[in-house]
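# Coordinates in review
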Amino acid sequence: MIGKTISHYKILEKLGEGGMGAIYKAEDTKLKRVVAIKFLPLDLSRDKDAKKRFIHEAQAASSLQHHNIYTIHEIDETDEEQIFIVMDCYEGKTIEEKVQKSPLDVDEALDIIIQTAQGLDKAHQSKIIHRDIKSANIIVTTDGVVKIVDFGIAKLAGQTRVTKDGTSLGTASYMSPEQTLGKEVDHRTDIWSLGVVLYEMLTGLTPFQGDYEQAVVYSIMNEEQKPLTGLRVGIPLELDRIVNKALAKDPDERYQHLDELIVDLKHVKKEPEKEKTETQVRPSPPESKPVWKQPIPILISAFILIVIIAGLLIFGGKPDEPAPVTSDKSIAILPFKVIGDSKEEEYFSDGMHDDILTQVAKIHDLKVVSRTSVMRYKDTDKNMKEIAQELGVGTILEGSVRRAGEKVRVIAQLINTKTDEHLWAETYDRDYVDIFAIQTDVAENIALALKATLTPDEISSIESIPTKNMEAYDYYLKGKYYWDNYADREGNMLAAELLEKAVELDPDFTLAYAWIAIVDFVLYSNIFWDSTPERLEKGMVALEQATRLDSDLPEVHGAQAVYYALIEKNQKKAIIDYLKALEGQPNSGEINLEIGRSYMVLGEWDKAERYLLKGYELSPHGMNNAWLVSVYYGRMRDWRKAEEYIDKAIASLPDEPYYFYKALIAFMGYGDTEKASRIIEEGVQFAGKRGMFTFRFQVDILSRRFQELLDAVEPFPDNDDYFLYKGIAHWFMRQKDQATIYLDSARVVHERLAQTAPHNSDNYSLLGLAYAGLGMKEKAIQAAKKAVELEPLNKNAYWAPPRHMWLAYIYSMVGEYDKALDEIELLLSIPYYFTTWDLKLNPFWDPMRDHPRFKALIAKYEEDEG
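All chains use their own residue numbering, which begins from 1 and follows the written sequence. Selection of residues for local features in this predicted model requires a pLDDT of at least 70, selection of side-chain atom pairs for listing and counting requires 80 or more, and totals for whole chains, interfaces and linings are taken over all residues. Think of the side-chain values as coming from all heavy atoms in the structure, minus any hydrogens and water.

### Here's the deal with the pairing of strand β3 (residues 21-28)
Burial classification: accessible surface area is computed with a 1.4 Å probe over protein chains only, and a residue below 20% of its type maximum counts as buried, one above 50% as exposed, and the rest as partly exposed. Counting from the N terminus, the helices are DSSP H or I runs at least four residues long and the strands are E runs at least two residues long. Summarising burial for β3: six of the eight residues are buried, a large majority. Here, a strand pair is defined by DSSP locating no fewer than two bridges between the strands. For β3 and strand β4 (residues 33-39), the ladder comprises seven bridges, and the chain directions are antiparallel. By the bridge assignment, Ala26 is partnered in β4 with Val35.

Printed below as a string of structure tokens:
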């Protein structure tokens, strides 16, 4: 072949040969570039099945657009009907060549495997399985970029099988157990092979050895690989665990999706421990699919709504302790009224209010109450003094707006609520294009009236114009209106659509890009909304555009923080960008609360308290704000303060399901089961039964109100936890037959949920509970341990403790008492609302009541609890 010209390709040299053909380096004489050409051998070109596989390789690979997957240019035949494909030619080495000299450095191996997993994940999202991942099929270019090659036996999901029955495709040393048996395989076979490649990079050896193919297959099926840490020093234990999970012989025990593997690998990569304050570089999208689901009892499900709907997304607060401000420098900007009867202009009124509040909130020398707290006074009958007292401010701005075509009227007046004195008032009759000048004038006049100092940076920010395209601004206002006022999927989808129209009209509209990113990340993060790769990609593109246009804009940092918090689940990085956002927006209670929540996840409790209290001060009536502070004090076992703040939450939002948390405080803090029961019934009366469904399980079980629990869940058979709660209630009532019926149904439901949402640790905890009630001991422990593995304490001090609680329940149910006591002792020793009252009254611990160690734990911690 050397020296021949095929079509317009001149063959230069042979690069290699595999089971599906030889590869040559060639010159494209038309475009004057170097390419690689792969020829199917002549004898195989006449084989119908081989020919199909070769064509499928080209079709599969050419359909993928990813920088870690090689690029296909053309597929054709020679005059002798020999099929060939033309692809990019890369300068570099395969992993096979790189490891021949010695194993790779750990950081280099991690970088290569993460790139490979990202490219392969793109293929899996397109329903393409490679099925021949090996070190010879992964090239590392001279620039350090990974390229996955040879999709020669890739199989499009749902496509007619082109292999002969019983024929296994792939290279023996890298085959998964199911692949060696010639079974139908799914994307998890590639995850296995990727684990083999990582093992090989770190040790220089494949994990399963043999002198001939059948010996290798036997090793794959029957033997365990040697631990990485036993073959090489300096391998992190976590990396050993990751490889072991990727190489689980049962596909159900492996990583179920590559995004899970990518997240774990990124955690192992070494990162600076200190919190950087410089601008963060936008990371590559992990293409992950985090799952948001209401957490099960003890954790309050409304917390998810904080993250998704309310607290994450309005920027404000200050990273350093602010100097105390007098009441004369504190202000609440009430929602603007619409002049006239046009409800169609409500979005404009809300938008004007939101933008003016945002401008005023940029002034560090003022205390400005957040939007979530002032919106409750829309159309209120309360007078100024009452509102000021409830919000803790000395001044109030009220206003009204009207828009008629291209003309606007804005009336604003600033009132001292102590004296009823009008500190400043103005009526603006302007063209719509002057709207930003009006907003700036209002903000600067408020600062002047309240004698607040304006820094040059604040003046520059307040006077900045977000867009010159007023039609784009109109779409932006509409998008924000739907985002702020509709907490459902449809409202958020419409918000995203309207914001996208804004940037179509003005491609330089940074603020709109930032909000597109936020909305898309939230939509993607909720499995019930739009958890698709396309939605994540839209968010990433919007974030990239916003960062390119103005990386210092507070809302851009806010969008980046939302990415880290929701997509990467990296609270440290999220906090860095939240703090950057706070520098430009120093008056948001919600962002302070989010930082406090992030610090709780990190287990930095002192920092958490500081930001939570500051957040509550700035937004006392925001959705879930007082509740979140109460949760913090519950974790600290400061029951007096926990009860104080939950009472504030109930007073502020009596229709929300806070009563059950108050009942939990009564039980855990004081062991008062009668009070807890009364609070439950009061909560059902005021907040409704469905809103309480997932909360009352814990309190009813703790109070041994088994029949009440059965009655409470009976009207809701469509709830995922219906069968489990009824099964456990019957189990405690010693009604074995009924318990078995419900628990077996629960097993089916939660097995499905665990498969559908493999990232969600709750699913595994509850599945373990169902298994335990059915007497399936090993499966119960395995499921509960998986939940713990998904939420380790060293990575999530907030969400991890409940996983250990459920594991303790399960150990007790299956008779592993010492292991249950290990978990109990852990729970008593860390910040968590778990006390000796639980040990004394919870029926889950009944089998251990005479255990000496159980009694000793009660005695020890009872004394500590005072």
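### Digging into helix α22 (residues 571-584)
Here the expected length of a helix is defined as 1.5 Å per residue gap, with one fewer gap than residues. End to end, α22 covers 20 Å across 14 residues, agreeing with the expected 20 Å (1.5 Å per residue, within 8%). When α22 is considered as a whole, its buried residues turn out to be Gln571, Ala574, Ile575, Ile576, Asp577, Tyr578, Leu579, Ala581 and Leu582. Whether two residues touch is decided by their heavy atoms; if any such pair falls within 4.5 Å, the residues are in contact. Of the surrounding elements, those touching the buried residues of α22 are α21 (554-568), α23 (589-602) and α24 (605-618). The definition of a polar contact used here is a pair of N or O atoms within 3.5 Å, where within protein one atom must be able to donate a hydrogen and the other to accept one, and adjacent residues in sequence count solely through side-chain atom pairs. Two or three places before Lys572, at the opening of α22, Asn570 has a side-chain oxygen 3.3 Å from that residue's backbone nitrogen.

### Quick notes on the pairing of strand β15 (residues 395-404)
On a regular strand, one side chain projects to one face of the sheet and the next to the other, so that they alternate. Across the 10 residues of β15, seven count as buried, placing the element largely inside the fold. Bridge count between strand β12 (residues 330-333) and β15: three bridges; the pairing is parallel. Each bridged residue has a counterpart across the sheet, and for Ile333 the counterpart in β15 is Leu397. Where strand β13 (residues 337-338) lies against β15, two bridges are found, and the strand directions are parallel. Among the inter-strand pairings, Val338 is bridged to a residue of β15, identified as Val401. Pairing analysis gives 10 bridges linking β15 to strand β16 (residues 407-416), with the strands arranged antiparallel. Residue pairing in the sheet places Ala404 in a bridge with Lys407 of β16. If you look at the hairpin formed by β15 and β16, you'll find two residues sitting between the two strands, and Gly405 has a positive phi there, around 65 degrees.

### A short note on the nonpolar core
Within the largest apolar cluster, 186 residues are counted, with the highest numbers of intra-cluster contacts made by Leu397, Ile435, Tyr476, Ile728, Ile824 and Trp845. Setting aside residues no more than four positions away along its own chain, Ile728 makes contact with Phe697, Ile701, Leu743, Leu769, Met813 and Phe844. Counting 56 residues, the second-largest nonpolar core is a separate cluster that includes Ala36, Val99, Met201 and Ile242. Remark: nonpolar core denotes a set of buried residues (Ala, Val, Leu, Ile, Met, Phe, Trp, Tyr, Cys) joined through side-chain atoms within 4.5 Å.

### Points about the sheet that holds strand β7 (residues 92-94)
Strand order in this open sheet of three strands is β7-β9-β10, and the pairing throughout is antiparallel. Because the sheet does not close on itself, it has two edges, and the strands there are β7 and β10 (146-148). Going from strand to strand, the sheet's axes swing by 25 degrees on average, the running direction of each strand aside. Note on geometry: axes are C-alpha line fits, over the in-contact stretch for helices, and angles between N-to-C directions span 0 to 180 degrees. The strands touched by helix α4 (residues 106-125) within the sheet are β9 (138-141) and β10, with β10 carrying the most contacts at an inclination of about 40 degrees.

### Brief notes about the pattern of salt bridges
For this analysis, a salt bridge means a side-chain nitrogen from Lys or Arg found within 4 Å of a carboxyl oxygen belonging to Asp or Glu. In this structure the tally under the stated criterion is 44 salt bridges. Note that Asp484 and Arg371 form a salt bridge whose closest N and O atoms lie 3.7 Å from each other. Highlighted residues: Asp484 in helix α17 (residues 470-485) and Arg371 in helix α13 (residues 371-374), separated in sequence by 113 residues. The exposure class assigned to Asp484 is partly exposed, which follows from its relative accessible area of 24%. Of the charged contacts, one joins Arg597 and Glu594 as a salt bridge, the two residues approaching to 2.9 Å between their closest N and O atoms. With a gap of three residues between them, Arg597 and Glu594 both fall in helix α23, about one helical turn apart. On the basis of relative accessible area, Arg597 is assigned to the buried category, the value being 4%. Each of the salt bridges in this network shares a partner with another, and the network as a whole consists of Arg241, Lys245, Asp264 and Glu789.

### Looking at the packing of helix α26 (residues 639-652) against helix α27 (residues 659-670)
Relative placement of two packed helices is described by the angle separating their axes and the distance separating the axes. Contact geometry for α26 and α27: axes closest at 10 Å, N-to-C directions at 165 degrees. One element, α26, and the other, α27, form an angle in the roughly antiparallel class. The hand of the α26/α27 crossing is left-handed. Contact with α26, carried on its side by Trp639, Arg640, Ala642, Glu643, Ile646, Asp647 and Ile650, involves Tyr659, Tyr661, Lys662, Ile665, Met668, Gly669 and Tyr670 of α27 and no other residues of that element. Side-chain classes are defined by residue name, with Ala, Val, Leu, Ile, Met, Phe, Trp, Tyr, Cys and Pro counting as nonpolar, Asp, Glu, Lys and Arg as charged, and the others, Gly among them, as polar. By residue class, the composition of the contact of α26 with α27 is nine nonpolar, one polar and four charged. The cut-offs work like this: below 35 degrees is roughly parallel, past 145 is roughly antiparallel, 65 to 115 is roughly perpendicular, and the gaps in between are oblique. Left-handed describes a crossing whose near helix is turned anticlockwise from the far helix through less than a right angle; right-handed describes the clockwise counterpart.

### Description of the environment of Gly491
Within the element layout of this structure, Gly491 appears in helix α18 (residues 489-505). For Gly491, a relative accessible area of 5% puts it in the buried group. Remark: the alpha-carbon pair of Gly491 and Tyr481, spanning 10 residues in sequence, is separated by 9.4 Å. Excluding residues that lie within four positions of it along the chain, Gly491 makes contacts with Tyr482 and Tyr486.

### A look at α27
With 12 residues, α27 extends 16 Å between its outermost C-alpha atoms, agreeing within 8% with the 16 Å of an ideal straight helix rising 1.5 Å per residue. Summarising burial for α27: 11 of the 12 residues are buried, a large majority. Listed in full, the buried residues belonging to α27 are Tyr659, Phe660, Tyr661, Lys662, Ala663, Leu664, Ile665, Ala666, Phe667, Met668 and Gly669. Gly671 sits one or two residues past α27 and shows a positive phi near 65 degrees.

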